[in-house]
Amino acid sequence: KENLITGTALTIQASASSASALKLYVGSTEIASETNATTISKPYTFSAAGSYTLKVEATANGNIVSATQEVTVLNGTSTSETMPKGVRPGINYTSDTEATLVLQAPGKKYVYVVGDFNDWTPKADYQLKQDGEYFWITLSGLTKSEEYAFQYLVDGSIYIADPYTDKVLDPWNDQYIESTTYP
């Protein structure tokens, strides 16, 4: 997976092992085609944040082969909104099913929360709002007493744990911890 910012051009390219009719798609929209070619390339600018499926399709001798790649396009600016009264940096439990996360990140442009609840993928619904040097989000629909794993994605490339957490998680390596070490 690759993260991009809205308005950034991405050159989408693919190759085939033999001359084919090649087509490139963003979602279900065809953006380029070549006949009797082994390569295809097209710059594409994503104007809206979201998750996109890139697809290449090769047709040769009546056989069709395709491959896909997922791309996440991030909104590179945060919505400015005043934090709820009484919250402070860290996790603020506001009810049995709701929590407000607050991260102090001076000089940063945008922050997403990623975790086991959104497949560790930055999604529009999980972009934090900005109040000065603080970023915040209220999560609702949580299950009482359930432990949720999450990190912050800052400016599209910096993954950090909540500085006030009791436990630091690593979605790429935690799966290898033996249950005898940590259940």
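Heads up: the structure comes first, above all this text.
Residues take numbers from 1 onward in each chain, read along the sequence in its written order. The predicted nature of this model means local features are confined to residues of pLDDT at least 70 and side-chain atom pairs, given and counted, to a pLDDT of 80 or more, with totals for whole chains, interfaces and linings taken over all residues. As a rule here, side-chain values cover all heavy atoms of the structure and leave hydrogens and water aside.

**Digging into the overall build of the chain**
Alright, step 1. Secondary structure elements follow DSSP: runs of H or I of four or more residues count as helices, runs of E of two or more count as strands, with numbering from the N terminus. For the chain, the helix and strand inventory stands at 0 helices and 12 strands.
Alright, step 2. Taken from the N to the C terminus, the helices and strands of the chain come in the order β-β-β-β-β-β-β-β-β-β-β-β.
Alright, step 3. A compact globule built from 183 residues would reach a C-alpha radius of gyration of about 16 Å, whereas the chain, at 21 Å, exceeds it by more than 25%.
Alright, step 4. Taken along the three principal axes of its C-alpha coordinates, the chain extends 65 × 45 × 25 Å.
Alright, step 5. Using a 1.4 Å probe on the protein chains alone, a residue whose accessible area is under 20% of its type maximum counts as buried, one over 50% counts as exposed, and one in between counts as partly exposed. Evaluated residue by residue, the chain yields a buried proportion of 32% over its 183 residues.
Alright, step 6. By definition, residues are in contact when any of their heavy atoms lie within 4.5 Å. Taking contacts inside the chain between residues at least 6 apart in sequence as the whole, the part at least 24 apart equals 59%.
Alright, step 7. Here the open area of atoms and residues is found with the Shrake-Rupley method and a 1.4 Å probe, where only the protein chains shown may cover a residue. Looking at the chain as shown, the accessible area adds up to about 11,100 Å², and 47% of this sits on carbon and sulfur atoms.
Alright, step 8. Positive and negative charge centroids in the chain, built from 12 and 21 side chains respectively, lie 5 Å apart. What the globule rule says is 2.2 Å times the number of residues to the power 0.38, and the radius of gyration is computed from C-alpha atoms. Note that His is not counted, nor are the chain ends; the positive residues are Lys and Arg, and the negative ones are Asp and Glu. Charged groups are reduced to one reference atom each: NZ for lysine, CZ for arginine, CG for aspartic acid, CD for glutamic acid.

**Regarding the nonpolar core**
Alright, step 1. Grouped together as the largest cluster of nonpolar side chains are 17 residues, with contacts concentrated most on Leu10, Ile12, Leu24, Ile40, Phe46, Leu54 and Val71.
Alright, step 2. Looking at this core, the element that brings in the most residues is strand β2 (residues 9-26), giving 6 residues.
Alright, step 3. Here, the term nonpolar core denotes a set of buried Ala, Val, Leu, Ile, Met, Phe, Trp, Tyr and Cys residues that are joined through side-chain atoms within 4.5 Å. In this structure, Leu103, Ala105, Leu139 and Phe150 belong to the second largest nonpolar core, which totals 14 residues.

**Some thoughts on the sheet that holds strand β12 (residues 158-160)**
Alright, step 1. Two strands pair if DSSP finds at least two bridges between them. Taking strand neighbours across the sheet as the criterion, the 3 strands line up as β8-β11-β12 in an open arrangement whose pairing is antiparallel. For this open sheet the edge positions go to β8 (111-115) and β12, each flanked by a neighbour on one side alone. Mean inter-strand twist for the sheet, computed between neighbouring axes without regard to direction, equals 30 degrees.
Alright, step 2. The sheet contact formed by β8 and strand β11 (residues 150-154) spans 5 bridges and is antiparallel. For valine 111, the partnering residue across the bridge sits in β11 and is valine 154. Every axis in this analysis is a line fitted to C-alpha atoms, fitted for helices over the stretch in contact. Angles between the N-to-C directions lie between 0 and 180 degrees.

**Focus: the sheet that holds strand β10 (residues 134-140)**
Alright, step 1. Here we have 4 strands laid out as an open sheet, ordered β6-β7-β10-β9, and antiparallel in their pairing. Single-partner strands in this sheet number two, and they are β6 (90-95) and β9 (129-131). The sheet shows a mean angle of 25 degrees between the axes of neighbouring strands, direction not considered.
Alright, step 2. Pairing geometry for strand β7 (residues 98-104) and β10, over 7 bridges, is antiparallel. When the sheet's bridge partners are listed, threonine 100 is paired in β10 with threonine 138.

**Looking at the side chain of threonine 121**
Alright, step 1. If you trace the backbone, threonine 121 turns up in the loop between β8 and β9.
Alright, step 2. For threonine 121, a relative accessible area of 4% corresponds to the buried category.
Alright, step 3. Polar contact criterion, stated in full: a pair of N or O atoms within 3.5 Å, where within protein one must be able to donate a hydrogen and the other to accept it, and residues adjacent in sequence count only if both atoms are side-chain atoms. There is a polar contact of 2.9 Å between the side chain of threonine 121 and the backbone oxygen of aspartate 119.

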